[in-house]
Amino acid sequence: MATKTVISKYTGLEAVDGVIEFPQDKTLYVEQFTDNPPLKPVEVFKPKTLSEVFDHYRPEKKGVKMTTQDGQTVKENFKFTSVNDFDDKNLIEQSNYLKSQQEAVDAYKNIEQQLMKNKILKRAIADDETRQNLVSALQALLAELQQA
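Here's what I pulled together on the structure shown here. (Residues numbered from 1 in each chain as written. Predicted model: local features only at pLDDT ≥ 70, side-chain atom pairs only at ≥ 80, totals over all residues. Heavy atoms only, no water.)

Further remarks concern the overall build of the protein chain. In terms of regular secondary structure, the protein chain is built from five helices and four strands. Start at the N end of the protein chain and walk to the C end: the helices and strands fall as β-β-α-β-β-α-α-α-α. Within the structure as shown, the protein chain displays about 13000 Å² of accessible surface, and the carbon and sulfur contribution to it stands at 54%. (Helix = DSSP H or I, 4+ residues; strand = E, 2+ residues; numbered from the N terminus. Areas by Shrake-Rupley, 256 points an atom, 1.4 Å probe, with all protein chains shown as cover.)

The next subject is the packing of aromatic side chains. Applying the stated criterion across every chain yields a total of one aromatic pair. Centroid distance Phe-80 to Phe-86: 4.4 Å. Interplanar angle 5°. Geometry classified as stacked. Phe-86 carries the same exposure label as Phe-80, and that label is buried. (Phe/Tyr/Trp six-rings, centres within 6.5 Å; stacked < 30°, edge-to-face > 60°. Buried < 20%, exposed > 50% of the residue type's maximum accessible area, 1.4 Å probe, protein only.)

Now for unusual backbone geometry. Excluding glycine, residues mostly carry a negative phi; peptide bonds, for their part, are mostly trans. The backbone phi angle of Arg-58 is positive, close to 45°, even though this residue is not glycine. The residue Arg-58 is located in the loop between α1 (50-57) and β3 (60-67) in this model.

Attention now goes to the side chain of Ser-95. Tracing the backbone shows Ser-95 in the loop between α2 (88-94) and α3 (96-117). Residue classification places Ser-95 among the buried residues on the basis of a relative accessible area of 0%. Among the polar contacts listed, one links the side chain of Ser-95 to the side chain of Glu-76, at a separation of 3.4 Å. Look past the residues within four positions of Ser-95 in its chain and what remains in contact with it is Met-66, Glu-76 and Phe-78. (Polar contact = N/O pair within 3.5 Å; in protein donor to acceptor, adjacent residues only side chain to side chain. Contact = heavy atoms within 4.5 Å.)

Turning next to the pattern of salt bridges. Inspection of the entire model under this criterion finds three salt bridges. Lys-99 serves as the salt-bridge partner of Glu-93, at 3.9 Å between the closest nitrogen and oxygen. In this structure, Arg-131 and Asp-128 form a salt bridge, with 2.8 Å as the shortest nitrogen-oxygen distance. Here the residue Arg-131 and the residue Asp-128 both occupy positions in helix α5 (residues 128-147), the gap between them amounting to three residues, near one helical turn. With a relative accessible area of 55%, Asp-128 lands in the exposed category. (Salt bridge = Lys/Arg side-chain N within 4 Å of Asp/Glu carboxyl O.)

Right, let's talk about the packing of helix α4 (residues 119-126) against α5 for a bit. Running from N to C, α4 and α5 point in directions that differ by 110°, and their axes come no closer than 5 Å. Considering their axes alone, α4 and α5 lie roughly perpendicular with respect to each other. Along its contact with α4, which presents Leu-121, Ala-124, Ile-125 and Ala-126, the element α5 presents Asp-128, Thr-130, Arg-131 and Leu-134. Residue classes in the contact of α4 with α5 are distributed as five nonpolar, one polar and two charged. (Axes fitted to C-alpha atoms, helices over the stretch in contact; angles between N-to-C directions. Parallel < 35°, antiparallel > 145°, perpendicular 65-115°, else oblique. Nonpolar A, V, L, I, M, F, W, Y, C, P; charged D, E, K, R; others polar.)

Turning our attention to α3. In a regular helix each residue adds 1.5 Å, so 22 residues correspond to 32 Å; α3 covers 32 Å between its end C-alpha atoms and thus fits that length. Where α3 begins, one side-chain oxygen reaches toward the backbone nitrogen of Tyr-97, 3.4 Å away; that side chain belongs to Ser-95. (Expected span 1.5 Å × (residues − 1).)

Summarising the sheet, β3 and strand β4 (residues 73-79) pair through six bridges and their orientation is antiparallel. What sits directly across from Glu-60, in β4, is Lys-79. Where β3 hands over to β4, the hairpin turn is made up of five residues, of which Gly-71 adopts a positive phi near 90°. (Pairing = 2+ DSSP bridges.)

The next subject is the environment of Lys-122. Its place among the elements puts Lys-122 in helix α4. Polar contacts involving the side chain of Lys-122 include one to the main-chain carbonyl oxygen of Met-116, which spans 2.9 Å.

Here it is, written out as structure tokens:
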């Protein structure tokens, strides 16, 4: 059974009108996206566009911790100049670690596609003995590359 996420705001006596349904194919980020302290209460900012909001507040998140495959911690800083900066592609573009991970994923996908298109290799993998010989040859090649 699917669940629905509901975001609500209180708008007075008619609170039902202030409830909106949040689409399930969207991501809601609830986080403090800046390390700056809050502005003084007397300061009033009345933006007219979303870009004015980003220009005024210049949101950023410093020290986002990510764990590598070998258990090390990598810290990255992210700056947001528009709503598009929250997309996966733009977040990856800002992070050296995420770029390297994306490159590895792309390389694996490319290898997988090449393997699926190669008919000779498909036949070799189908037979248990031939597959084992191929694995042994690849392991020997890997060992040789690691020694070089």
